[in-house]
Amino acid sequence: MTKQLAFYFDSSRCSGCKACQMACKDKHDLEVGLNWRRVYEICGGHWENQGSAWTPHVFAYNLSIACNHCAKPVCRDVCPTGAITKRKDGIVLIDTDKCMGCRYCEWACPYGALQFDKTSGTMTKCHFCYDSIDNGKPPACVSACPQRALDFGELSELKKNCHGTDSVHPLPDPTLTEPAIAITPHKDADRAKKEKAGIANRQEV
Amino acid sequence: MPTGRKRKKRGSQTDRKSNVPENAWSLLVFTLLSQISVGAFCVAEILNFSHSQEFGKKGLHFFRLYSRLFVLASAVLAGISAIFHLHKWVNAYHAFNNFRTSWVSKEMVFFLLFMFCVALLASMSWQKIDRKHIQQVFVMAGLLCGIALVYSMAKIYMLPTVPTWDAWTTPGLFSTAVLILGSLAVACMCQALLGSTKSSFLTEKIRDRWSRKTLPALVKVVMFFLVIGILISGFFAYRLMTVDAAGSGASMMGPGKQILLFFRIFFFILGWIFLVFYLKKLRIEEDIQGKFRGLLYSAFIFLAFAEISGRYLFYVSFFRTGL
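Values in this document were obtained by computation on a predicted structure and should not be read as measured data. Each chain carries its own residue numbering, running from 1 in the direction its sequence is written. As a convention, the first chain written is A and the first ligand written is 1, with the rest following in written order. Predicted model: local features are reported for residues with pLDDT of at least 70 only, side-chain atom pairs are reported and counted for 80 or more only, and whole-chain, interface and lining totals are derived from all residues.

(A) Looking closely at the overall build of chain B. Helix and strand content of chain B: nine helices and zero strands. Runs of E in the DSSP output that reach at least two residues are strands. Runs of H or I that reach at least four are helices, and both are numbered from the N terminus. Starting at the N terminus and ending at the C terminus, chain B contains elements arranged as α-α-α-α-α-α-α-α-α. Per-residue burial for chain B yields a buried fraction of 44% across its 323 residues. Sequence separation of 24 or more characterises 81% of the internal contacts of chain B that already satisfy a separation of 6 or more. Here a residue counts as buried when 20 or more other C-beta atoms sit within 10 Å of its C-beta, as exposed when there are 12 or fewer, and as partly exposed otherwise, the C-beta atoms being derived from the backbone. Residues are scored as being in contact if the C-beta atoms we place from backbone atoms lie within 7 Å.

Okay, here's the thing in structure tokens:
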């Protein structure tokens, strides 16, 4: 069986501190507007009025998402230049020397992983800190998480050991790209799906 | 305390999810001109084949030459405008690398092959090389590449992650644009030749033939596909109203899109009215001097506006599913 590296994310542990996002930006010196890892805040629910008392029935949870290094990377399939490739360990990389900046992969990726760098005129995305991986170290985001909500490893083992899923609201249908991610959902994730809860920090991510 | 420093604008989610693509004008010019060139090539070569006897040797030569030069010029302009869409155009030569899975690569390959066929045919006409079999082979190759080009162009937008575009209406909109603008471009070219003082090669017989049969037939083809185009636009608008792309149940047919749809239908109807007047004029008196050309040119401009507003409506309806 071929190897597929993947991220693990425990949504029930995440406090939304965004240390992972900042560690990624810091390590890769990303410009303003470029966020290879993003923390989405999903909020929903309502307040119930009983006389003069208000009872909250609200919920909120976070999803820390980067490139999922999908098993069926739609970005690689649509890229005309062949700049996007998948390594033997499953990491999806962009060769900026080939990218012509047509931004077509940006349309195709349902996770918003591909981001355009105005300075270089090419697409960029999370590359799993392959330099660290090759030296036996974890990616910057995993190292930075104070809650240990982020981890990485072989996808099949992560799914087996952590009972992770790749289908959590508001992530897209996983059959589109077969993302290499294992998520332990927050307790309110099902409710959020039923109530079609939205992303509260849309402008930020 | 406010520092007075201006904050750099952040790349918001709307940049990535629901906006018109950057440099949309270059995409628009590329799509429209390449569709006009493919449509005009198909229609002109069908006319070349079916009317070769009636056009006469001289008439046929000039019709071929002008139609092929027009198609080539449109295709070259389309190619140039496509470059402006790229942010790192020095890497554009890599665009053919992923022919196996990428529809953009396929589009580029078929576009270049189509241009090659048209350039070869135009140079053969220019040099007066009348090798019938070679011409037929390249005409067939050009037709196939042109059809493949339009199909690839539509497939580029039919992404499973963009539910508003991933439907039969996308190839429907693209092929009606090819047939409407292509047929009308050839009709305008015939009309321009009729009106030109330098077209002494057109005999009375050819002028009469074009005025009585060729031009009305072309205009009727355009009017037929106009009806199809209006119907497909309606289906597209209906899809925008019903598809739950955002997953929130909200309609994708906001006021801005309604205005663009209105402009598209309005210009379609205006073009239709001008074509009806043109046909009526042709029925009353034959137009061997091309004096009714204003009506036909106006119809072309209105229908080009209809396609431009339709294409903008298409772009603004972009909505990627997921995050």
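Having put the structure on the table, let's press on.
(B) Spotlight on the sheet that holds strand β2 (residues 38-50) of chain A. Residues and elements named next belong to chain A. Strands qualify as paired when DSSP identifies two bridges or more between them. Ordered by their spatial adjacency, three strands build an open sheet running β3-β2-β10, and the pairing between neighbours is antiparallel. Every interior strand has two partners, whereas the edge strands, β3 (53-65) and β10 (198-199), have only one. Strand direction decides the pairing type here: β2 and β10, joined by two bridges, are antiparallel. Considered in β10, the bridge of cysteine 43 is made with glycine 198.

(C) Here's a closer look at the interface of chain B and chain A. Residue-level contacts link 34 residues of chain B with 35 residues of chain A. Those elements that place two or more of their residues in the side of chain B that touches chain A are α1 (13-17) and α4 (103-126) of chain B. With three residues, the single largest contributor to the side of chain B that touches chain A is α4(B). When residues are sorted by character, Ala, Val, Leu, Ile, Met, Phe, Trp, Tyr, Cys and Pro go into the nonpolar class, Asp, Glu, Lys and Arg into the charged class, and all the rest, Gly among them, into the polar class. By residue class, the composition of the side of chain B that touches chain A is eleven nonpolar, 17 polar and six charged.

(D) Highlighting the domain arrangement of chain B. All names here are of chain B. Domain delimitation in this document rests on an assignment produced automatically or drawn from a domain database. With domains assigned, chain B is organised as domain 1 (21-157) and domain 2 (159-323). Taking only C-alpha atoms, the centre of domain 1 and the centre of domain 2 are 19 Å apart. Contact with domain 1, which involves 29 residues of that partner, is made by 26 residues of domain 2. Listing elements by their share of the side of domain 1 that touches domain 2, those giving two or more residues are α2 (24-50), α3 (52-83) and α5 (132-157). Split into classes, the residues belonging to the side of domain 1 that touches domain 2 amount to 20 nonpolar, seven polar and two charged.

(E) The environment of B:Thr101, seen in detail. The topology assignment puts B:Thr101 in the loop between α3 and α4. For B:Thr101, a count of 14 C-beta atoms within 10 Å corresponds to the partly exposed category.

(F) Just the nonpolar core, in detail. Among the nonpolar cores identified, the biggest contains 155 residues, and A:Cys105, A:Cys141, B:Phe114, B:Val118, B:Leu184 and B:Ala299 are the most heavily contacted of them. Of all the elements, helix α6 (residues 169-195) of chain B adds the most residues to this core, at 15 residues. Here this core spans two domains, since at least three of its residues come from each of domain 1 (21-157) and domain 2 (159-323) of chain B. In contact with A:Cys141, other than residues within four places in its own chain, are A:Cys20, A:Ala23, A:Cys24, A:Arg37, A:Ala66 and A:Leu150. In this usage, the nonpolar core is the set of buried Ala, Val, Leu, Ile, Met, Phe, Trp, Tyr and Cys residues whose C-beta atoms join them within 7 Å.

(G) Main features of the sheet that holds strand β9 (residues 181-184) of chain A. Residues and elements named next belong to chain A. Reading across the sheet, the three strands line up as β8-β1-β9 and stay open at both edges, with mixed pairing between neighbours. Looking at strand neighbours, the two that pair on one side only are β8 (150-154) and β9, the edges of this open sheet. Neighbour-to-neighbour, the strand axes of the sheet open up by a mean angle of 20 degrees, direction not taken into account. Here five bridges tie strand β1 (residues 5-10) to β8, and the two strands are oriented antiparallel to one another. Within β8, the position partnered with phenylalanine 9 by the bridge is leucine 150. With axes taken as lines fitted to C-alpha atoms, and helix axes fitted only over the stretch in contact, angles between N-to-C directions fall between 0 and 180 degrees.

(H) Broad picture of the pairing of β1(A). All names here are of chain A. In terms of residue burial, β1 counts as a mostly covered element, since five of its six residues are buried. Note: β1 against β9, four bridges, orientation parallel. Considered in β9, the bridge of aspartate 10 is made with threonine 184.

(I) Representation of unusual backbone geometry within the structure. Residues and elements named next belong to chain A. Each neighbour pair has its own omega, and for histidine 169 with proline 170 the value is 5 degrees, a cis peptide bond. Turning to its location among the elements, proline 170 is positioned in the loop between α6 (155-162) and β9. For phenylalanine 128, which is not glycine, the phi dihedral falls at a positive 65 degrees. Topologically, phenylalanine 128 is positioned in the loop between β7 (122-124) and α4 (130-134). Using a count of 26 C-beta atoms within 10 Å as the deciding quantity, one classes phenylalanine 128 as buried. Notably, arginine 148 is not glycine yet its phi reads approximately 55 degrees, a positive angle. Within the secondary structure, arginine 148 sits in the loop between α5 (140-144) and β8.

(J) Structural view of the packing of α5(B) against α6(B). Residue and element names in this part refer to chain B. Taken N-terminus to C-terminus, the directions of α5 and α6 make an angle of 145 degrees; their axes are 9 Å apart at the nearest point. Seen from above, α5 lies across α6 with right-handed handedness. For the pair α5 and α6, contact is made by Val150, Tyr151, Met153, Ala154 and Tyr157 and by Thr170, Pro171, Phe174, Ser175 and Val178, respectively. For any helix crossing, the convention is left-handed if the near helix is rotated counterclockwise from the far helix by under a right angle, and right-handed if that rotation is clockwise.

(K) The packing of α6(B) against helix α9 (residues 293-316) of chain B, seen in detail. Residue and element names in this part refer to chain B. Packing of α6 against α9 leaves a shortest axis separation of 10 Å and a crossing angle of 160 degrees. Relative to α9, the element α6 lies roughly antiparallel. Every pair of crossing elements has a handedness; the one defined by α6 and α9 is left-handed. In this structure, α6 uses Leu173, Ala177, Ile180, Leu181, Leu184, Ala187, Cys188, Gln191, Ala192 and Gly195 to contact α9, whose residues at the interface are Arg293, Leu296, Tyr297, Ala299, Phe300, Leu303, Ala304, Glu307, Gly310 and Phe314. Residues of the contact of α6 with α9, tallied by class, amount to 15 nonpolar, three polar and two charged. Relative orientations are named as follows: roughly parallel for angles under 35 degrees, roughly antiparallel for angles over 145 degrees, roughly perpendicular for angles from 65 to 115 degrees, and oblique for any other angle.

(L) A look at the environment of B:Phe266. Residue and element names in this part refer to chain B. In this fold, phenylalanine 266 is placed in helix α8 (residues 255-284). For phenylalanine 266, a count of 14 C-beta atoms within 10 Å corresponds to the partly exposed category. Separated by 128 residues in sequence, phenylalanine 266 and phenylalanine 138 place their C-alpha atoms 39 Å apart.

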